[in-house]
Structure formats: structure tokens, C-alpha cells
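These are the residues of each chain, in order.
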Amino acid sequence: MSKKNAGILGLGIGLPERVLTNKELEKVVATSDEWISGRTGIKERRIAADGETTLTLSEKAAREAMENSGISAAELDLIIVATVTPDMIFPATACLLQDSLKAESAAAFDLEAGCSGFVYGLTLAAQFIENGAYRNVLVIGAEVLSRITDWEDRNTCVLFGDGAGAAVMGTVEEKGFWGFELGSDGSGGDFLKMPAGGGAKPASRNTVEEKLHYIKMDGNQVFKFAVKAMARSAKKVAEKSNIAIEDIDLFIPHQANIRIIESAAKRLKIPPEKVFMNLEYYGNTSAASIPIALYEAWKEGRVKKSDRILMVGFGAGLSWGSVIIEWIG
Ligand code: UT7
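Residues numbered from 1 in each chain as written. Predicted model: local features only at pLDDT ≥ 70, side-chain atom pairs only at ≥ 80, totals over all residues. Heavy atoms only, no water.

## Brief notes about the site of the ligand
Line of reasoning, step 1. Taken together, 23 residues surround the ligand, and among them T31, N220, H254, N257 and N284 come closest.
Line of reasoning, step 2. When the free accessible area of the ligand is taken as 950 Å², the share hidden by the protein chains comes to 74%.
Line of reasoning, step 3. Those elements giving two or more residues to the shell around the ligand turn out to be α2 (33-40), α6 (154-157), α8 (219-241) and α9 (258-268).
Line of reasoning, step 4. Broken down by element, the residue count for the shell around the ligand peaks at four residues, all from α8.
Line of reasoning, step 5. Taken together, the residues of the shell around the ligand sort by class into 12 nonpolar, eight polar and three charged.
Line of reasoning, step 6. Each of two domains, domain 1 (5-174) and domain 2 (178-326), supplies a minimum of three residues to the shell around the ligand. (Near = heavy atom within 4 Å. Areas by Shrake-Rupley, 256 points an atom, 1.4 Å probe, with all protein chains shown as cover. Helix = DSSP H or I, 4+ residues; strand = E, 2+ residues; numbered from the N terminus. Nonpolar A, V, L, I, M, F, W, Y, C, P; charged D, E, K, R; others polar. Domains from an automatic or database assignment.)

Take a look at the structure:
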């Protein structure tokens, strides 16, 4: 069987309407707009309303991506939802989505690779498509991080937001997926985690009282890891894909912190005009951040046919991942 080409056929997003500004956060915890913008670049984030969940945001993003790609639900072979905030631990949110979309021929599963989840998902989709097993795969990064945020912890609550981004990947003529590089270092798992609610520490009165169902993060450790991992992974994917970093048209990094992005771009010698950022408006939306950024870059006309786009994610695990795609227009 000859190898097929995989490419992105269409994109969509699902964002809550509610905007929570830094100024509003000043009333919630001991922080300031100046501190948050200066240290992170974030000005505001979206917060899911009652009833809005990873599933509902995913569905919104998926329907737009399907419309933009001209692929119907019946034509989907696989649905992957990358998330750390699934509607329930099980069944998979991807299965709930399969039902809402009536994607009757689709297999479905959730993928948990923290903020690297969407890059992992695109890579998996590309493997299924390139080996001819599947024709169309829906990949989603979606989160409602506000639901696992401790709104009394200023170290974390100013950073995160909610949202979803979706891509339909399918079989294409040209080469739309140039390469990937994925990795993990579980020895750093403690630096970013939600300690309870799994099999090791099931929910109990104690876990709730001790606030163990919220995000716990050692920001400095994650920061140091992120800068190194992003630059290293981006270099590796460029090498594996036989593409020089200077031939990359747009760099879309995980939107966690402007200082992490700027120092990774500097290490990679990527000029600011080739770096896409929208974290100012959404904060860190984990698995959703790269697909939302890719969507906005496309909507703003920052990606043109044949452009090579480098996307790099990093986060809980610790994990990281990079892909280079060519925009097939
Ligand atoms: O998706 C992957 C997930 N996470 C990340 O990528 C996060 C990576 N880390 C970071 O982005 C940064 O480490 C942070 C933004 C989390 C923190 O920035 P920092 O420059 O590393 O600050 P810091 O943790 O060293 O804290 C500096 C000071 C501390 O006060 P003292 O001890 O110097 O008096 C903090 O208590 O800033 C204080 N601080 C705050 N002040 C006002 C921490 N959070 C806040 C806050 N408002 N929200």
C-alpha cells in the first residue's frame, strides 16, 4: 500500500462568551493587571458558563471545522479529543461527541498529554491517514480549566482559561504533514498536576478539604523546562522533516507565557514577525491553545497556501511535541 498524504482540511473554534479580565481578578486574589501582563502577557481569558463543558465547546469547534473542510459527520473515521478536563473520567468525551455529531462510522477516544495534547493528536491522525487506515480524522483540543482552578491561588488562577479548537485532517494531494517530534519526562510530573480524583487518591472529604482537585504547579520549574524543551523539540522536528528553521513561515507555540515564547523564539532565531501569539485574550487553554491560535492565524490571513507552520506544545507529564505542517489552502 503506497503512503498517502495527510493534511488539515478545515478548522473551527468554540469559545465561551464570558471574558474575565485581569482587572476583575484584582478583586478575587491579591494580584494586579500590571503583574499578570508583565509576567505572562495575559490580559483576559474566557470562562465557561454553567452548562458549558469540554463537550459543548468541542461540538461547536467540530461543527465549524467540518463545515470549513466540507467533511460530513458520516465521513469521519476517528475522533480524538485532547483534554485534561473531560466531562467525566469515563466515558470519553470523544464518545459523547461522536454521539452528538452522529458520526456513526467514527471510532473515538480521549487523549491526555496536557498542553501537548493537540500536537500529539495531529500526529496520531497523520499516522492513520498516511498508512491508509482512515481517510478523515477530527482532532480537538478542548478544556474547561476554570473548573479545576483554585480561585484562591494567585500562582495559578491568573494563568488559565477555557476554550476549544478543532481540525479535520484528511487525505490530500500535496504533502500536508511534514513531520513530528514527541517526547516525555515523567520525572517532572510533580511540577504540574491535579493530585486527586484518580485511582490513587479518589475523591473523599479529605481530598476536597485539602483542595487536591485543583491544578497544582511549580511555575518556575515548568518555565525552565518549557524554554529548553520547546527549542530542542522544534530543532529536532525541523531536522527530521528536512526543513531549515529559517524556512518556517509561521511559528505557533503553546500559548502559556509571552516570556517563554520569546525566549524559545530567540533560541531558535525565529524573528518576532513569524511568531503567532494570542495569549493576551485567552490565557493558557492547555490542549486548546494551539488549535485556537492556528485558527486565528488562518482567519487573520497569516497563513497562505504552501506556508510551512511549526507548532510546538509542552506541558503536564511533563510532555512536549512539535509538528511541521504545510498549509494546503
Ligand atoms: O502549559 C504549561 C503550564 N504552565 C506554564 O507554562 C507556566 C510556566 N511558568 C510561568 O509562566 C511563570 O513561572 C509564572 C507566570 C507562573 C510565574 O512567574 P515568575 O516570574 O516565575 O514568578 P515567581 O513564581 O518567581 O514569583 C515571583 C513573585 C513571588 O513573590 P515573592 O516570593 O518574590 O515575594 C510570588 O508570590 O510574584 C508573586 N506572585 C504574584 N504576584 C502577584 C505569584 N503570582 C502572583 C500574582 N500576582 N498572580
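## Some words on the domain arrangement of the protein
Line of reasoning, step 1. Here the protein is described as being made up of domain 1 (5-174) and domain 2 (178-326).
Line of reasoning, step 2. Placing a centre on the C-alpha atoms of domain 1 and another on those of domain 2 gives a separation of 14 Å.
Line of reasoning, step 3. Taken together, the contacts link 49 residues of domain 1 with 44 residues of domain 2.
Line of reasoning, step 4. Roughly 3,800 Å² is buried in total at the junction of domain 1 and domain 2, and carbon and sulfur atoms are behind 66% of that figure.
Line of reasoning, step 5. When the buried area of domain 1 at its contact with domain 2 is split by residue, C115, V119 and I148 rank highest and sum to 17% of it.
Line of reasoning, step 6. Linking domain 1 to domain 2 there are three salt bridges.
Line of reasoning, step 7. Note that E152 and K211 form a salt bridge whose closest N and O atoms lie 2.6 Å from each other.
Line of reasoning, step 8. At the surface where domain 1 touches domain 2, the tally comes to 19 residue pairs in polar contact (both at pLDDT 80 or more).
Line of reasoning, step 9. At the level of elements, β1 (5-14), α2, β3 (44-46), α3 (54-69), α5 (117-130), β6 (136-144), α6 and β7 (162-172) are the ones that each hand at least two residues to the side of domain 1 that touches domain 2.
Line of reasoning, step 10. Tallying contributions element by element places α5 first for the side of domain 1 that touches domain 2, with six residues.
Line of reasoning, step 11. By residue class, the composition of the side of domain 1 that touches domain 2 is 21 nonpolar, 17 polar and 11 charged. (Contact = heavy atoms within 4.5 Å. Buried area = accessible area lost by both parts, 1.4 Å probe. Salt bridge = Lys/Arg side-chain N within 4 Å of Asp/Glu carboxyl O. Polar contact = N/O pair within 3.5 Å; in protein donor to acceptor, adjacent residues only side chain to side chain.)

## Topic: the layout of surface pockets
Line of reasoning, step 1. Within this model, the largest pocket holds a volume of roughly 870 Å³.
Line of reasoning, step 2. Surrounding the largest pocket, 34 residues form its lining, V84, T85, P86, I148 and M194 being those nearest its centre.
Line of reasoning, step 3. Per-domain counts for the lining of the largest pocket show at least three residues from each of domain 1 (5-174) and domain 2 (178-326).
Line of reasoning, step 4. Within this model, the second largest pocket holds a volume of roughly 610 Å³.
Line of reasoning, step 5. Lining the second largest pocket are 26 residues, with W35, N155, L159, M217 and G219 positioned closest to its centre. (1 Å grid on protein atoms, 1.4 Å probe; cavity = no way out; pocket = protein on both sides within 12 Å on 5 of 7 lines; lining within 4 Å. Points joined across faces, edges and corners; volume = space filled by probe spheres on them.)

## Structural notes on the packing of α8 against α9
Packed helix pairs are characterised by how far apart their axes lie and by the angle those axes make with each other.
Line of reasoning, step 1. As a packed pair, α8 and α9 sit with axes 9 Å apart at the nearest point and diverge in direction by 40°. In this structure, α8 meets α9 at a crossing whose hand is right-handed. Of the residues in α9, those in contact with F223, A226, V227, K228, M230, A231, A234 and K235 of α8 are R259, I260, S263, A264, R267 and L268.
Line of reasoning, step 2. Here the contact of α8 with α9 is built from residues that sort into nine nonpolar, one polar and four charged. (Axes fitted to C-alpha atoms, helices over the stretch in contact; angles between N-to-C directions. Left-handed = near helix turned anticlockwise from the far one by under 90°.)

## Some words on the packing of aromatic side chains
Line of reasoning, step 1. For the structure on display, the rule yields five aromatic pairs.
Line of reasoning, step 2. Ring geometry for F225 versus W320: centroids 6.1 Å apart, planes at 55°, classification tilted. Pair noted here: F225 is in helix α8 and W320 is in strand β13 (residues 319-326), with a separation of 95 residues, a long-range link.
Line of reasoning, step 3. Residues Y295 and W298 carry aromatic rings whose centres are separated by 5.7 Å and whose planes lie at 70° to one another, so their mutual orientation is edge-to-face. Of this pair, Y295 and W298 both sit in helix α11 (residues 289-299), three residues apart, which is roughly one turn of the helix.
Line of reasoning, step 4. In this structure an aromatic cluster arises from ring pairing among F225, F314 and W320. (Phe/Tyr/Trp six-rings, centres within 6.5 Å; stacked < 30°, edge-to-face > 60°.)

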